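Chain and residue survey
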Amino acid sequence: MHKTPSGSSLGPGGLDLSQSFFKPINNTQSPSPSKRNTKISVIGAGNVGMAIAQTILTQDLADELALVDAMADKLRGEMLDLQHAAAFLPRTKIHASVDYSVTAGSDLCIVTAGARQIAGESRLNLLQRNLALFKTIIPPVVNYSPDCILLIVSNPVDVLTYVAWKLSGLPSNRVIGSGSNLDSSRFRFLIADHLDVNTQDVQAYIIGEHGDSSVALWSSISVGGVPILSFLEKQQIAYEKETLEEIHKTVVNSAYEVINLKGYTSWAIGYSAANLARSILRDQRKIHPVTVLAKGFYGIDGGDVFLSLPAMLGRGGVLGVTNIHLNGEETQRLRHSANTILEMQSQLGI
């Protein structure tokens, strides 16, 4: 292999291999050059927001952390509680306010605020309430931090990432949803538990909607670099589709189970969001299944739909979408997932 003047590796015939592995995002715009200090803002100081804030602090991901919430007393209490731990944490300035000016100059803005579903309320009505809430959040956030990257964690995350993109006016590479990053972690854990191996040795993705129509990419699962389905075929071991489908169902129902048991989810999504923050702000160029503008990828061309695809993340936000081979069934399910989200989006009127 030889190098071009810019240092990129070329394969036979001068093919840039990175162009084969990744499909570029169109109409991108990079943030301004990184400042000397790194600032993260978390919008929403509920259970999820505070789990994210706490994980960001313990992992030393920011020099400055700003918290915003509508409940002033709770917000000040959370800020003081974190500040009192300063002797046990890496040095980070912590601010909190009901005013969005506290977020000014943020590199990354993480939105966790969202309306809770009322018993008997339709999903569409909940979406409309969240749309109204986002109209009060996204414009001031972007006004104070025009060069930021937006990370949406609020649910339903796929539709709300689309809403944030529309309201922000930011290029699509700088509006990302937490998507199925956590779903994929649960997926990897369950596969590893089933095979009795280390979770970090399992490569597996859940893509599509963060919800009931998500797609498990069975054809791409590998353990220790060994593709599972081709291994089973070569060893003449029966492919237990029922077992694999059961694992996928467990992934989909995982959040519901945690909510039924403790009332909410927090720690896993906290680690997931911090994991994404690290990849973005430290320009790790790691692959994460996150909510991105999916139009033009894997045959999805029905409209501007956001759903989870394996994407490379770095300081510019979404740097490219991984060109993973999907079999026919997986492609069909992904397009069904896209249509499910598009149908919801069409009812929002934005």
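Residues numbered from 1 in each chain as written. Predicted model: local features only at pLDDT ≥ 70, side-chain atom pairs only at ≥ 80, totals over all residues. Heavy atoms only, no water.

- In the nomenclature of an unreviewed UniProt entry, the protein corresponds to L-lactate dehydrogenase from the organism Melia azedarach.

A short note on the sheet that holds strand β14 (residues 226-227)
- Read across the open sheet, the three strands follow the order β10-β13-β14; overall the sheet is antiparallel. Looking at which strands have only one partner, the edges of the open sheet turn out to be β10 (202-203) and β14.
- In the sheet, strand β13 (residues 222-223) pairs with β14 via two bridges, with the strands oriented antiparallel. Bridge assignment links Ser222 to a residue of β14, and that residue is Pro227. (Pairing = 2+ DSSP bridges. Helix = DSSP H or I, 4+ residues; strand = E, 2+ residues; numbered from the N terminus.)

Details of the pairing of strand β16 (residues 306-314)
- With nine of its nine residues buried, β16 lies for the most part within the structure.
- Of the two faces of β16, the one holding Phe306, Ser308, Pro310, Met312 and Gly314 and the one holding Leu307, Leu309, Ala311 and Leu313 are both buried throughout.
- With eight bridges connecting them, strand β15 (residues 286-293) and β16 associate as antiparallel partners. Among the inter-strand pairings, Ile287 is bridged to a residue of β16, identified as Met312.
- With four bridges connecting them, β16 and strand β17 (residues 317-322) associate as antiparallel partners. Along β17, the bridge assignment pairs Leu313 with Val318.
- The hairpin turn running from β16 into β17, its antiparallel successor, is two residues long. (Buried < 20%, exposed > 50% of the residue type's maximum accessible area, 1.4 Å probe, protein only.)

A look at the pattern of salt bridges
- For the coordinates displayed, the defined rule picks out six salt bridges.
- The shortest N-O distance in the salt bridge between Glu245 and Arg333 comes to 3.5 Å. Here Glu245 is found in helix α8 (residues 241-262), whereas its partner Arg333 is found in helix α10 (residues 328-346), with 88 residues between them in sequence.
- Because the salt bridges share partners, they merge into one network encompassing Glu245, Glu329 and Arg333. (Salt bridge = Lys/Arg side-chain N within 4 Å of Asp/Glu carboxyl O.)

Let's talk about the nonpolar core
- Residues Ile40, Leu108, Ile138, Leu150, Leu307, Leu309 and Leu334 are the most contacted members of the largest nonpolar core, which totals 85 residues.
- In this structure Leu150 touches Cys109, Ile138, Val141, Val142, Ala164, Ser168, Leu170, Arg174, Val175 and Ile176, once residues within four positions along its chain are discounted.
- Listed in part, the 15 residues of the second largest apolar core include Ala204, Ala216, Trp218 and Ile228. (Core = buried A, V, L, I, M, F, W, Y, C linked by side-chain atoms within 4.5 Å. Contact = heavy atoms within 4.5 Å.)

A word on helix α9 (residues 267-281)
- With 15 residues, α9 extends 21 Å from end C-alpha to end C-alpha; this agrees with the ideal 21 Å at 1.5 Å per step.
- Looking at α9, one finds that the buried residues are Ile269, Gly270, Ser272, Ala273, Ala274, Leu276, Ala277, Ser279, Ile280 and Leu281. (Expected span 1.5 Å × (residues − 1).)

A word on the packing of helix α5 (residues 157-168) against α10
- At a minimum axis separation of 10 Å, α5 and α10 run at an interaxial angle of 50 degrees. Accordingly, the angle class assigned to the pair α5 and α10 is oblique. Considering how the two elements wind past one another, α5 and α10 form a crossing that is right-handed. Note on element contacts: α10 touches α5 through Ile341, Met344 and Gln345, opposite Asp158, Val159 and Tyr162.
- Among the residues forming the contact of α5 with α10, the class breakdown is four nonpolar, one polar and one charged. (Axes fitted to C-alpha atoms, helices over the stretch in contact; angles between N-to-C directions. Parallel < 35°, antiparallel > 145°, perpendicular 65-115°, else oblique. Left-handed = near helix turned anticlockwise from the far one by under 90°. Nonpolar A, V, L, I, M, F, W, Y, C, P; charged D, E, K, R; others polar.)

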